[in-house]
Amino acid sequence: MDKQPTLPAQLSAETTPVAKPRVKKTKPKTVGSAEPAVLEVPDVTGTVAVVEAAALATDETQVATKAAPATSAAETRIDYYPTHEHAGYKFRRGHVLPFGATMVAGGINFSIYSASATDCTLVLFERGAEAPFTEIPFPDEFRVGNVYSMIVFELDYERLEYGYRMSGPWNPDAGHRFNSDIILSDPYAKVIGGRDTWMAPPNWDNVYPYRSRLAFEDFDWEHDHPLETPTEDLIVYEMHVRGFTQHPSSGVRNRGTFSAMRAKIPYLKELGVNCVELLPIYEFDEWEGNRTSPITGEPLVNYWGYNTVNFFSPKAGYAATGRFGMQVDELKTLIKELHKNGIEVLLDVVFNHTAEGDHRGHTISFRGVDNKTYYMLTPEGYYFNFSGTGNTLNCNHPVVRNMVLDCLRYWASEYHIDGFRFDLAAILGRAQDGSPLSNPPLLESLAFDPILAKCKLIAEAWDAGGLYQVGSFPAYGRWAEWNGKFRDDARQFLKGDEGKVGPMMERVMGSPDLYSQRGPTASINFITCHDGFTMYDLTAYNEKHNDANGEDNQDGGNDNDSWNCGCEGPTDDEGIKFLRKKQVKNALAMLLVSQGVPMLLMGDEVGRTQNGNNNTYCQDNELNWLNWDDLHANADLLNFAKSLVHFRRQHPVLRNHEHFRHEDYVGSGRPDISFHGTQAWQPDKSTAARAFAFMLDGHHAKQGIVQDNTLYVAFNMYWDALDFELPGLPENQAWYVFANTALAAPDDVHAPGSELLLDNQHNFLVGPRSVVILLSK
């Protein structure tokens, strides 16, 4: 059981009421020098920019506040005058909404919720100072319901850091863990300071390590807005901001940052993807765990970022300007540039748990503000652990549900984010006692929220507690899902398992067996993601090799459905090396010719390896970093991937919004889709079958709205070549070869538009473990 802490004595300073002034209100005074100092700092383009120190203040620099605007006529009608004073600081009753810290005329409005706290104190710091410069208790009359709010005047908001002390019962059995010795971060803080540089050694004696700051809404978005690309047209690239450019071979400045990622936008455009899905980019604790690798002796960190400290604030350690507090502007600049290049931005969000862990973890924010509200607790006061990380956020409590909505609205409106992928989203459908809900209010609220109406909503439709909802996630006509069945069926079919032809037919159609009422865009198709083997490692390892994680190889999944092609790990056998590369091409082809939304894992296009580690959550090293030398070492694989991506983008018949009807509804003489075996029009779905083909009639592209070529795709995962009879074409058309993975580069793929005419228009010998893609002209 937790020990009863010693609570501090009540603050003795008295709050003095201030009489209402009878004179016209004036602007707040400024402190510091009249002329702002100037610092040279790297801007988000990697060049040197001159920036006012007022915007980039370091701990050693004294600067002036921004001048307040002249008092407007409207402001003279608003009661922005102090009524109270404490230790020389003037304040008044605040606005209960919005929660968080908000600049108002002459001051800052602070508002925070706690249902069970008995008292709340606002704690104010000079940026980087060890001790606060003042602490202001909220007068009882400033509490409205369960919300404490006040406006404090004449603060230097450029250099301000703030937090709270909450007094209340310490009764873990009843779910209460208040301790006013601890200074708490604001759950609604828009910027978190204190950990401003990636892996900078923390000061473990710091009384307030994660410091709430204000964000300034002065970014020039120009004409930017979310792109609203039709979901069926997306090609998603799942990536880690740091891992994308941290390797020295990236050749960019400020490696591992938003700025460096911006420098690599031309690569993303060349690859052809039009959407990036970023692993968590809001503030998390990379120092969680504090272990070392038994193999290398290097620190093991929380690299992926699935341990949220604050849901509203971008991670300072991902910004080249984070040490100057400019991570907000640097991230917004990246998003604006991605949008200019036609690339959407999805955020991987983690509303299932936080970095506070279970009862043994650190109290940072939520636990100390209102433990019983923010976390799902057992009747005995312990933490439900449906996330597998120690705690579970109580998302269907109305207050927490509103926080999630407020957070996503903020990212959508202030950062122009195009959509969200929800980690372990099945948790969001659990009631406060952990049971699954038939109509989860949070999921329904997100689906129908007016601000999020154009955002993509994507669920990882399972959780660590065993709730698996792929195909049955409460969708309300809005939610898509990571299709785990596509991953499993494609991997098993790829390595030649029996009984997989029938399931793969469903997967290439956009999984109508799972999403019959929702359409193929409900299916986010993937074969690999950050969690598991890379695509190359699927072909090189039968078993996981996670010893470097320091968990005796017990972590990570054991059901990888991988095949090492005859040798575990690296090999000099040229035959095995060719087969592995061919299998990667086969997997890419399966992914990119299927209906639904394809998602590529960063580096799969160049054969990135994690040396058989299928759980690299703690590895900040070359296991996770993209080695840009691979672009040259595996140039043939990159060319194949790029050609496939652009082929998909050129052929709308691969990107339908509705499921196939299996009939000819436009009068072309052929159905929209047809399946074939080695004999045309005769698919073999028997248990022993390991091959099939399908044809997409181009007249039915986008439900017959547009015209396209007719495509024919043959999959042969048998270990011998098979002769496929080709369906006949009208007299004025012929089959051309776009891709044949049985051939070595450069004959394995042809640039879209330069496909090779087939000599034999009746049959095609598809090599062992190969994929062939034809189109009619």
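These numbers were taken from a predicted model, which means no experiment stands behind them. (Residues numbered from 1 in each chain as written. Predicted model: local features only at pLDDT ≥ 70, side-chain atom pairs only at ≥ 80, totals over all residues. Heavy atoms only, no water.)

**Student:** Please provide a residue-by-residue account of the nonpolar core, values included.
**Tutor:** Core analysis: the biggest nonpolar cluster contains 196 residues, and Phe-110, Tyr-237, Phe-420 and Phe-422 have the highest contact counts within it. Residue contributions to this core peak at 10 residues, all from helix H7 (residues 398-414). If we ignore the near neighbours within four places in the chain, the residues touching Phe-422 are Val-349, Phe-351, Leu-408, Leu-428, Leu-446, Leu-457, Ile-458, Ala-459, Glu-460 and Trp-479. The next biggest cluster of nonpolar side chains, apart from the first, holds 14 residues, and it includes Ala-691, Val-737, Phe-764 and Val-766. (Core = buried A, V, L, I, M, F, W, Y, C linked by side-chain atoms within 4.5 Å. Buried < 20%, exposed > 50% of the residue type's maximum accessible area, 1.4 Å probe, protein only. Helix = DSSP H or I, 4+ residues; strand = E, 2+ residues; numbered from the N terminus. Contact = heavy atoms within 4.5 Å.)

**Student:** Hey, could you go over unusual backbone geometry for me, with residue numbers and the actual values?
**Tutor:** Cis peptide bonds are those with omega within 30 degrees of zero, and the linkage from Leu-97 to Pro-98 qualifies with 0 degrees. Along the chain, Pro-98 turns up in the loop between strand E5 (89-93) and strand E6 (100-104). Pro-746 follows Ala-745 through a cis peptide bond whose omega is 10 degrees. Here Pro-746 is to be found in the loop between strand E31 (735-740) and strand E32 (756-757). If you check the backbone angles, Glu-228 has positive phi at about 55 degrees while not being a glycine.

**Student:** Just give me the short version of the pattern of salt bridges, but keep the residues and values in it.
**Tutor:** Where charged atoms from two side chains of opposite charge come close, those side chains can pair. Under the criterion given, the structure shown has 39 salt bridges. Its salt-bridge partner being Glu-222, residue Lys-336 comes within 2.9 Å of it at the nearest N-O pair. With a gap of 114 residues between them, Lys-336 in helix H5 (residues 327-340) and Glu-222 in the loop between strand E16 (211-213) and strand E17 (236-239) connect regions that are remote in the sequence. Residue Glu-222 is classed as partly exposed on the basis of its relative accessible area, which comes to 48%. Here Arg-409 makes a salt bridge to Asp-406, at a shortest N to O gap of 3.5 Å. Placement of the pair is Arg-409 and Asp-406 together in helix H7, with a separation of 3 residues, close to one helical turn. (Salt bridge = Lys/Arg side-chain N within 4 Å of Asp/Glu carboxyl O.)

**Student:** Describe in detail the packing of aromatic side chains, supporting the description with residues and values.
**Tutor:** Here the distance between the centres and the angle between the planes together describe a pair of aromatic rings. Here the structure, examined in full by the defined rule, presents 49 aromatic pairs. A centroid spacing of 5.9 Å and a plane angle of 80 degrees characterise the contact between Phe-91 and Phe-142, whose relative ring orientation is edge-to-face. Of this pair, Phe-91 sits in strand E5 while Phe-142 sits in the loop between strand E9 (134-137) and strand E10 (143-144), and the two are 51 residues apart along the sequence. By relative accessible area, Phe-142 is classed as buried at 1%. (Phe/Tyr/Trp six-rings, centres within 6.5 Å; stacked < 30°, edge-to-face > 60°.)

**Student:** I'd like a description of H7, backed by residues and values.
**Tutor:** Between its first and last C-alpha, H7 extends 24 Å over 17 residues, near the 24 Å set by a 1.5 Å rise per residue. All buried positions along H7 are accounted for by Val-399, Val-400, Arg-401, Met-403, Val-404, Leu-405, Cys-407, Leu-408, Tyr-410, Trp-411 and Ala-412. The inward-facing, buried residues of H7 contact strand E7 (107-113), H5, strand E21 (344-349), helix H6 (366-374), strand E22 (419-422) and helix H8 (441-448). Trailing H7 by a residue or two, His-416 shows a phi angle of about 60 degrees, which is positive. (Expected span 1.5 Å × (residues − 1).)

**Student:** Describe the confidence of the model for the protein chain, listing the residues and the values that go with them.
**Tutor:** Of the residues in the protein chain, 90% reach a pLDDT of 70 or more, and the chain-wide mean stands at 90. pLDDT under 50 marks residues 1-14. Its contacts with residues more than four places away, or in other chains, come to 25 contacts. Per-residue pLDDT stays below 50 along residues 19-69; that stretch engages in 98 contacts with residues further than four places along the chain or on separate chains. (pLDDT = per-residue confidence, 0-100.)

**Student:** Residue-level account of the sheet that holds strand E28 (residues 691-696), with values.
**Tutor:** Within the open sheet, the 6 strands sit side by side as E27-E28-E29-E34-E31-E32. Their pairing is antiparallel. Taken across any chain shown, the strands that pair with only one partner, and hence form the sheet edges, are strand E27 (673-676) and E32. Here E27 runs beside E28; their pairing, made up of 4 bridges, is antiparallel. Residue pairing across strands places Ser-674 opposite Met-695, the latter belonging to E28. Contacting E27, E28 and strand E29 (711-716), helix H10 (residues 501-508) runs over the sheet at an angle of about 25 degrees to E28. (Pairing = 2+ DSSP bridges. Axes fitted to C-alpha atoms, helices over the stretch in contact; angles between N-to-C directions.)

**Student:** So what about the side chain of Asp-630? Which residues, and what values?
**Tutor:** By secondary structure assignment, the location of Asp-630 is in helix H13 (residues 630-633). Despite its burial, Asp-630 remains without a salt bridge, the nearest opposite charge being carried by Arg-608 at 7.4 Å. The residues touching Asp-630, leaving out its near neighbours within four places in the chain, are Val-606, Arg-608 and Ala-635. (Lys, Arg positive; Asp, Glu negative; His and termini not counted.)

**Student:** An account of the environment of Asp-433 is needed here, citing residue identities and associated values.
**Tutor:** Within the element layout of this structure, Asp-433 appears in the loop between E22 and H8. For the pair Asp-433 and Asn-394, spaced 39 residues apart in the sequence, the C-alpha separation amounts to 9.2 Å. Residues contacting Asp-433, with those up to four places away along its chain left out, are Met-376 and Phe-384. One polar contact links Asp-433 to Ser-435, side chain to side chain, over a distance of 2.7 Å. (Polar contact = N/O pair within 3.5 Å; in protein donor to acceptor, adjacent residues only side chain to side chain.)

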